[in-house]
Amino acid sequence: MSNPTDLKFLIVDDFSTMRRIIRGLLKEMGCHHADEAEDGAIALNMLRAQKFDFVVSDINMPNMNGFELLKAIKADDELKHLPVLMVTAEARKEDIVLAAQSGAAGYIVKPFTKATLEEKVHKIMQKLAATA
């Protein structure tokens, strides 16, 4: 499944405008299957209840932040295969390192363009296809 247009995305961000922007960018990329969650706790429940192929998650959120969500996904045998793309407003080196160490598939700093998102999603899907 290397074609991103077939994927079902879960967009996790506490800021509804950001979720709408990411959903719009995915639509422009031809990805029309996306759901939204406003924090990691809601996202985790959704991931356990439905099938998703790709998670795009903010880091700074209430209740359960992006790192906690990432750790929960990677600790769950049913979910650990999911690629998680971390999104944040802060390009702190320690966050990037922590994201990589925690199993994130990639990292994007806000604000970003469709081209940046598309490139990251494609790279992640290529990597997954190569290891499948």
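So, here's what we can say about the structure. (Residues numbered from 1 in each chain as written. Predicted model: local features only at pLDDT ≥ 70, side-chain atom pairs only at ≥ 80, totals over all residues. Heavy atoms only, no water.)

1. Details of the overall build of the protein
Argument step 1. The helix and strand tally for the protein stands at 5 helices and 5 strands.
Argument step 2. Starting at the N terminus and walking to the C terminus, you meet the elements of the protein as β-α-β-α-β-α-β-α-β-α.
Argument step 3. Compactness check: the protein gives a C-alpha radius of gyration of 13 Å against a globular reference of 14 Å for 132 residues, within 12% of the reference.
Argument step 4. Its C-alpha atoms give the protein principal-axis dimensions of about 30 × 30 × 30 Å.
Argument step 5. Buried positions account for 45% of the 132 residues belonging to the protein.
Argument step 6. Put simply, of all contacts in the protein between residues at least 6 apart along the chain, 63% involve residues at least 24 apart.
Argument step 7. Surface exposure of the protein reaches about 6700 Å², of which carbon and sulfur atoms provide 53%.
Argument step 8. Taken together, the 17 basic and 19 acidic charged side chains of the protein have centroids lying 3 Å from each other. (Helix = DSSP H or I, 4+ residues; strand = E, 2+ residues; numbered from the N terminus. Rg over C-alpha atoms; globule rule 2.2 N^0.38 Å. Buried < 20%, exposed > 50% of the residue type's maximum accessible area, 1.4 Å probe, protein only. Contact = heavy atoms within 4.5 Å. Areas by Shrake-Rupley, 256 points an atom, 1.4 Å probe, with all protein chains shown as cover. Lys, Arg positive; Asp, Glu negative; His and termini not counted. Charge placed at Lys NZ, Arg CZ, Asp CG, Glu CD.)

2. Considering the pattern of salt bridges
Argument step 1. Tallied over the entire structure, the rule returns 13 salt bridges.
Argument step 2. With a closest N to O distance of 3.3 Å, Asp 13 and Lys 110 form a salt bridge. In this pair, Asp 13 is assigned in the loop between β1 (8-12) and α1 (16-28) and Lys 110 in the loop between β5 (106-109) and α5 (114-131), connecting sequence segments 97 residues apart. For the residue pair Asp 13 and Lys 110, the accessibility class agrees, reading buried in each case.
Argument step 3. Measuring nitrogen to oxygen at the nearest pair gives 3.7 Å for the salt bridge that ties Glu 118 to Lys 114. Here Glu 118 pairs with Lys 114, and both are found in helix α5, just 4 residues apart, close to one helical turn.
Argument step 4. Taken together, the salt bridges that share partners define one network made up of Glu 90, Arg 92, Glu 94 and Asp 95. (Salt bridge = Lys/Arg side-chain N within 4 Å of Asp/Glu carboxyl O.)

3. Some remarks on the sheet that holds β1
Argument step 1. Reading across the sheet, the 5 strands line up as β2-β1-β3-β4-β5 and stay open at both edges, with parallel pairing between neighbours. In the strand order of this sheet, the two ends are held by β2 (33-37) and β5, each with one partner. Mean inter-strand twist for the sheet, computed between neighbouring axes without regard to direction, equals 20°.
Argument step 2. Where helix α3 (residues 66-75) meets the sheet, it contacts β1, β3 (54-58) and β4 (84-88), and its direction lies at approximately 175° from that of β4.
Argument step 3. Sheet strands touched by α5: β1, β3, β4 and β5. Its angle to β5, the strand with the most contacts, is close to 175°. (Pairing = 2+ DSSP bridges. Axes fitted to C-alpha atoms, helices over the stretch in contact; angles between N-to-C directions.)

4. Description of the side chain of Ser 102
Argument step 1. Topologically, Ser 102 is positioned in the loop between α4 (93-101) and β5.
Argument step 2. Looking at Ser 102, the relative accessible area reads 14%, which means it is buried.
Argument step 3. Of the polar contacts made by the side chain of Ser 102, one reaches the backbone oxygen of Leu 98; its length is 2.7 Å. (Polar contact = N/O pair within 3.5 Å; in protein donor to acceptor, adjacent residues only side chain to side chain.)

5. Some details on the nonpolar core
Where a protein is soluble and globular, its nonpolar side chains tend to be buried together.
Argument step 1. Leu 10, Val 12, Leu 47, Leu 69, Ile 73 and Met 86 are the most contacted members of the largest nonpolar core, which has 24 residues in total.
Argument step 2. Breaking this core down by element, the ones donating at least two residues are β1, α2 (40-49), α3 and β4.
Argument step 3. When residues in this core are grouped by element, the largest group, 5 residues, is from α3.
Argument step 4. Ignoring sequence-local partners within four residues, the contact set of Val 12 consists of Ala 37, Asp 39, Gly 40, Ala 43, Val 55, Val 56, Ser 57, Asp 58, Met 61 and Leu 69.
Argument step 5. Leu 7, Ile 22, Leu 25 and Phe 112 belong to the second largest nonpolar core, which has 20 residues in total. (Core = buried A, V, L, I, M, F, W, Y, C linked by side-chain atoms within 4.5 Å.)

Limitation: the analysis is restricted to geometry and does not speak to function.
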